[in-house]
Amino acid sequence: MNILPTNNNAADTLLKIASWISGLFILLFFGYLLFDITINGISRIDLGFFHNTPVNAGRQGGIFPMLISTLWILALCLCIALPIGLATAIYLAEYTNEKQTLTRFIRRSLNIIAGVPSIVMGLFGYAFFVIALQLGFSILSGALTLAFMVLPLLIRSIEDSLRAIPQSYRLNAHALGLSQWRIIFQILLPIASQGILLAVILSIGRAMAETAALLYTSGYVMRTPDSMMDSGRSLSVHIFDLSMNVPGGEQSAYASALVLIVLLLMINIFTAFISQIIVNKSIR
Amino acid sequence: MFRTGLITTTIILLSLFVSACEQTANSPSTATLPSDQLTGELSITGSSTIAPLAAELAQRLESKNPQLRVNVQTGGSSRGLADIRQGISDIGMVSRKLNDNEHDVQAHLLAQDGVSIIVHKSNPVTELTTEQIKSVYLGKISNWQSLTGRDKKITVIHKAEGRSTLEVFLDFFKFKNTQIKPDIIIGDNEQGIKLVSRNPNAIAYVSIGTAEYNMKAGTSIKTLPLNGVEATTEKLASGQFPLSRELNFITKGKPSLLTQAYIDFSKTDEAANIIKDFGFVPVK
Amino acid sequence: MKPPTSLKTSVLFPLNKDKILLLGLRVLAGLSVISLLFILFYLSKEAIPVFKNIESIKFFTDKSWHPLSGEYLLLPMIVGSLLIMAGAMLFSIPLGIFAAILSQFYAPAWFANVMQRLVEILSGIPSVIYGFMGIIVIVPLLARFEAPGTSVLAGVLVLSFIVLPNIVLISRNALSQVDAIHIDNAMSLGLSRYAIIRHVILPQAKSGLFTGIVLQSGRAIGETLAVLMVCGNVVQIPGSIFDPVRTLTSNIALEMAYAMDDHRSALFLSGLLLMGVVLIIILVAEKISPRENTV
């Protein structure tokens, strides 16, 4: 949050009004969305909802297996995507400049991947991970496919954050004789931590929201997965099935959506906390 | 607020983790396994219409045979057929009759699914003749005026190509798909129901079971009789209702022990109740 | 920018960590490109069979899309995809950027925080739910103006709401990353708030904002389930924003489950076509991008 002078000229007032209108519009619309989901779903939720397995195609019972599957897929996806994404972003930001063909090529590729429809990703994930690599319908297949989808967002956001750091930091560090390794991990990354955190949160959001791709890779099975080679449906797939495929599943769909939202909130807070710890440690 | 959020999150995640451990610990030991229990893994893929039902049957069978794993995946009837032919799955789910060139696989009839015309509850029309329905879908009658006196444009809802509900519909009324002039094209039955229940001028055709389920739950739709016969699952079961499609399990070659067990289970009385629960008509 | 310490001067910093670091980074970065190649390869492999039986001109000149009767007109769906994406971006870009400006400069801290958390959650809500809301709220609302309600406009609205959260998040981040030096300088020069935002911060944040826009355009054109629910899915070039339309993605989602042989290959082809469209958009974006010709 920047502190800017508050002299109100006409242009400033206009901008202020436009901004407030946009902000309130968003707040109102989305507030209504969340409110609607809560009202419709809350009655279905009790303690058992989190513990129990679904009964009657999910119209009764709980969503425990879906919670486990979702968290597992998410965790696995991040474990795969974060190192690759971080590395690519660092490489792009620190070792290449805008004019090189390699940068442009990588950037173009990433932008194209970002435009692949989720259902096509799902089909690709099916053909490649499930069939060709013989991983079968599994948490792992789902996580790998999701990692693909999340990479562009991750890489671009982290790269932007790194590039936003003024050159002076790097020059000063070199002048002090620090190795590249140290510069990146002990100076640049901590400074960019806010942006990296955002990138991670965006990726988590994308991963939790993804439905079509997971339907064909981690699958439809309602059982709690025992290992990451087991199939297990994510919360988003469950919501999809309940609202569009199972007659009478609407209320359970709302309830599951509510749980997903709360889960997302908790994960985001958790991630922010963890990143704070990591940053503090590396600065030491 | 941040700290409280974090502590709550950690506690909740921890409790989920503990429950997960409990769940796996609760599986019975093999030492006390009766000798006629089924063990192994069964893979069932195909139609998304049959999938929730198949998953429910699977769950039921699994609860009787704790060492059994039945994995149900969706992907559509054509995936079901393709997977069986390639030997990737044990049972395929196909929501239509087999074609002439598909007799390399065997069909096991699971249930019948009726197809009924639906309109909004407030629509004064009580019955439409075959000729009238044809005219509506061909675009010859485009206003409710001549049918009910209300001067409103008819919103014609039609299904996407390839669906067996569409095939059966075209077959019965003797159309070609290219002749129909729809206003909206839908994929799943539920989509059709959601649209009709909010549009007093819409007309669509969906699965009877889905329609009945929704009507019982209070959704604002009603079915129209066809050729004088009411569109209910009872009339379908008694053979009086003329418009229906088959829901089949398909296998290739000699079914394995597990496959046969599952298919046998789907013909029991217990399974028949489950089938009825989903709005389909079990095979006698 | 290349680190001034050349890695060839191994006098002060012999082999070890830095070179390994570079190698490791290069390998991992290369994976991104390889992934893209995989996807393209797979799509092509599945799409090729369609060319054996159907001449490509049919995709643009056939009367309609009725694969089961041998008609393969893709043009209306290409138009549909582009229209919906363009409409959604037109709607959500200004809205998103203004909201980011609000959050960053005009709103009190507590408000900005609430909005941040809210938007973070919204970016994680499955599109199914937005589609669902579309059917329940937006479609009936539009139907009052003009039947059937499922239309280009409905698709644009629903899609806008799907990409909006990410645009707000990315934009706000871009605004916050502008180096404080520039702002301090501007303030010491006595510029007004509007001037600082408009002429100092926004230009600096341009490339970050652009990233957000390009990525979300990709997401917009690739969105499947939500548009499937609210666009009407009739294969036609829409005459007005109230007409139903079908996008390439909805087409794949609707028909893939039941498609065999040629029909299936044609669907994969439409997937490839979509990626082609995305590539064209990217190339155009590169031309107008503020970042020395890369996006």
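The rules behind these values
- Residues numbered from 1 in each chain as written.
- Chains lettered and ligands numbered in written order.
- Predicted model: local features only at pLDDT ≥ 70, side-chain atom pairs only at ≥ 80, totals over all residues.
- Domains from an automatic or database assignment.
- Nonpolar A, V, L, I, M, F, W, Y, C, P; charged D, E, K, R; others polar.
- Axes fitted to C-alpha atoms, helices over the stretch in contact; angles between N-to-C directions.
- Helix = DSSP H or I, 4+ residues; strand = E, 2+ residues; numbered from the N terminus.
- Parallel < 35°, antiparallel > 145°, perpendicular 65-115°, else oblique.
- Left-handed = near helix turned anticlockwise from the far one by under 90°.
- Contact = placed C-beta atoms within 7 Å.
- pLDDT = per-residue confidence, 0-100.
- Buried ≥ 20, exposed ≤ 12 C-beta atoms within 10 Å, placed from the backbone.
- Core = buried A, V, L, I, M, F, W, Y, C linked by C-beta atoms within 7 Å.

### What to know about the domain arrangement of chain A
How big an interface is tends to be reported as the loss of accessible area on association of its parts. All names here are of chain A. Here the domain parsing of chain A yields domain 1 (11-44) and domain 2 (49-283). Its C-alpha centre places domain 1 at a distance of 26 Å from the equivalent point of domain 2. Its residues placed into classes, the side of domain 1 that touches domain 2 shows three nonpolar, three polar and one charged.

### What to know about the packing of helix H6 (residues 139-164) of chain A against helix H9 (residues 193-209) of chain A
All names here are of chain A. Relative orientation of the contacting elements H6 and H9 amounts to 160°, with a least axis distance of 9 Å. One finds that H6 runs roughly antiparallel with respect to H9. Handedness of the H6/H9 crossing: right-handed. The segment H6 lies against H9, with Leu-146, Met-149, Val-150, Leu-153, Leu-154, Ser-157, Ile-158, Asp-160 and Ser-161 engaging Gly-195, Ile-196, Leu-198, Ala-199, Leu-202, Ser-203, Arg-206 and Ala-207. Here the contact of H6 with H9 is built from residues that sort into eleven nonpolar, four polar and two charged.

### Let's talk about the interface of chain B and chain C
Taken together, the contact between chain B and chain C spans 25 residues of the former and 26 residues of the latter. Mapped onto the side of chain B that touches chain C, the elements with two or more residues apiece are helix H3 (77-86), strand S6 (184-186) and helix H7 (189-196) of chain B. Residue composition of the side of chain B that touches chain C, grouped by class: five nonpolar, 13 polar and seven charged.

### Points about the confidence of the model for chain A
Mean pLDDT over chain A: 87, with 98% of residues reaching 70 or higher. Looking across chain A, the model is least confident in helix H4 (residues 101-114) of chain A, with a mean pLDDT of 80, and most confident in helix H11 (residues 235-244) of chain A, with 91.

### Examining the environment of Ile221(B)
Residue and element names in this part refer to chain B. Checked against the element boundaries, Ile-221 lands in strand S8 (residues 221-224). Residue Ile-221 is classed as buried on the basis of its C-beta count, with 23 C-beta atoms lying within 10 Å. Sequence-wise, Ile-221 and Arg-198 are 23 residues apart; in three dimensions their C-alpha atoms are separated by 8.8 Å. Aside from chain neighbours lying at most four places away, what touches Ile-221 is Ile-118, His-120, Lys-121, Ile-193, Val-196, Ser-197, Ala-211, Asn-214 and Met-215.

### Focus on the packing of helix H11 (residues 248-255) of chain C against helix H12 (residues 261-288) of chain C
All names here are of chain C. Their axes nearest at 9 Å, the elements H11 and H12 cross at an angle of 155°. Our classification of the angle between H11 and H12 gives roughly antiparallel. Here the hand of the crossing between H11 and H12 comes out left-handed. Here H11 contributes Leu-248, Thr-249, Asn-251, Ile-252 and Glu-255 to the contact with H12, which in turn contributes His-263, Leu-267, Ser-270, Gly-271, Leu-273 and Leu-274. Residues of the contact of H11 with H12, tallied by class, amount to five nonpolar, five polar and one charged.

### A word on the nonpolar core
In terms of nonpolar packing, the biggest core is built from 266 residues, with Cys77(A), Val150(A), Ala54(B), Val158(C), Leu159(C), Ala226(C) and Val230(C) touching the most fellow members. Tallying contributions element by element places helix H3 (residues 64-95) of chain A first for this core, with 20 residues. Three or more residues apiece are contributed to this core by two domains, here domain 1 (11-44) and domain 2 (49-283) of chain A. Val158(C) has contacts with Tyr130(C), Gly131(C), Gly134(C), Ile138(C), Ala226(C), Val227(C) and Val230(C), leaving out every residue within four places of it along the chain.

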